[in-house]
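Architecture and fold: a report
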Amino acid sequence: MTVFNRHRHEFPTLASGIHLLSHSLGPVPSTARESMLAYCDAWENHTSEDAWATSWWELSRRVGDRIARVLGGSAGSVQIEPNASIALATVASCFDFKASRRNKVVTTALDFPSMEYIWDAQRQIGARIEIVNAKDGIAVPLEQILDAIDDETCLVALSHTSYRSSSRIDAAAVVERAHAKGALVLLDVYQSAGVLQLQAADWQVDFLIGGTIKWLCGGPACGYLYVRPDLQRDLRPRLTGWVAHDAPFAFAPPPMHYAKSVRRFAQGTPSIPALYSALPGLQLTETVGLEQIAAESVRRTEWMIEFALARGWQVNTPREPHKRGGSVMIGVADGPAMVERLAERKVYVDSRPSAGLRISPHFFNTDEEVEEAMNILAELLEK
Ligand SMILES: Cc1ncc(COP(=O)(O)O)c(C=O)c1O
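An account of the accompanying structure is given in this report. Values in this document were obtained by computation on a predicted structure and should not be read as measured data.

Criteria and thresholds
Residues numbered from 1 in each chain as written. Predicted model: local features only at pLDDT ≥ 70, side-chain atom pairs only at ≥ 80, totals over all residues. Heavy atoms only, no water. Near = heavy atom within 4 Å. Polar contact = N/O pair within 3.5 Å; in protein donor to acceptor, adjacent residues only side chain to side chain. Nonpolar A, V, L, I, M, F, W, Y, C, P; charged D, E, K, R; others polar. Pairing = 2+ DSSP bridges. Helix = DSSP H or I, 4+ residues; strand = E, 2+ residues; numbered from the N terminus. Axes fitted to C-alpha atoms, helices over the stretch in contact; angles between N-to-C directions. Contact = heavy atoms within 4.5 Å.

Considering the site of the ligand
- Near the ligand, the surroundings consist of Asn83, Ala84, Ser85, Phe112, Met115, Tyr163, Asp188, Tyr190, Gln191 and Lys214.
- Here an oxygen atom of the ligand and a backbone polar atom of Ala84 are 2.8 Å apart.
- Interatomic distance of 2.5 Å between a side-chain N/O atom of Ser85 and an oxygen atom of the ligand.
- Residue composition of the shell around the ligand, grouped by class: 5 nonpolar, 3 polar and 2 charged.

Here's what the structure looks like:
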């Protein structure tokens, strides 16, 4: 049997305790320091606008292509965005909700608040938003999502894996139904990419959004937007800027001529430090391999759920492996207080209202750490 290489020595943060926070803030790889220094060197050495042409412009495309591999998409399918919220707002700005009766957006009650705020704001410009509920607060029944998609639906936009419960939807089934009804599909894969194997191309999903700071061990402000390659040229986002122009350095007056590539979904100057900060985590993810990472995640979350259920704890995450992501949520009486007590014992998790503790093992955690963390939680809960 080959030993799973956890690359622990490449994460200085792990020396400070048991890091189970990959759903929120991944630990920084030590090679990120070199990468940020490489950024400083390049910055120092650029004496004119040549910075764009000689390295920075290209870097945005290169990081996009690496993220595309994580998502199961082809090169040229991912545009780097400032964050997932802007990625979503850019997609929303492609729709003219007042132009036809096809103006319904289907979302769910388990999506991230930014997403809810953005859809709510689209009501002002004619969008009808249908929010499919999760009665148990854990999972939105697939049938109810499929039933909500009708001939007036223009977009189905929901989390692939929920930040609140780690419940995962059946992407292929949603895309199949939406396309049959003439609607597009956007999945927020922030809580999936880097811990699950995703298949953007096979699913034929239209859009994916997310970022690199959680499961992909990158720095902040490196969001991304995947757009199905054969759909890209049909879309003209109103949330735009000079970087999205076909000839950005021509500084031409309007009308806008969108780039004939995924760059048409950009806005202004990209965050270059964010690109450098994301590279080491992407490299490590590729080195370890998503198939192995996903298998480890299932094995450990399974063990954690069994441990919790055996003690009669409230598990706010689906039991079936194919219906959940990489986190396990455990209901506790006072989440923030328990997070503090665990931190005193050097176990780092977080909590969310009505979800409870969010606990996320990733490839760099040892089995012993996961067991120790759960045993400490048992001690604190049961004494
Ligand atoms: C599922 C999900 N979507 C979106 C976001 C927010 O992304 P951003 O801050 O990049 O807009 C988060 C952050 O926690 C998240 O968990």
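Some words on the pairing of strand S13 (residues 356-359)
- In this sheet, S13 lies alongside strand S10 (residues 328-331) in antiparallel orientation, the contact comprising 3 bridges. Bridge pairing in S13 places Ile330 opposite Leu357.
- Sheet analysis places strand S12 (residues 350-352) next to S13, joined by 3 bridges and oriented antiparallel. Among the inter-strand pairings, Ser351 is bridged to a residue of S13, identified as Leu357.
- From the end of S12 to the start of S13, which pair antiparallel, there are 3 residues, and Ser354 there has a positive phi angle of about 65 degrees.

Points about the sheet that holds strand S6 (residues 184-188)
- Spatial strand order, S2-S8-S7-S6-S5-S3-S4: 7 strands in an open sheet with mixed pairing. Strands at the two margins of the open sheet, each flanked by one partner only, are strand S2 (78-81) and strand S4 (128-132). On average, each strand axis in the sheet is tilted by 20 degrees relative to the strand beside it, whichever way the strands run.
- Looking at chain direction, S2 and strand S8 (residues 223-227) are connected through 4 bridges and run antiparallel. Its bridge partner being in S8, Ile80 is matched across the sheet by Tyr224.
- Relative to the sheet, helix H3 (residues 84-92) contacts S2, strand S5 (153-159), S6, strand S7 (207-211) and S8, its axis offset from that of S7 by approximately 160 degrees.

By themselves these figures say nothing about function.
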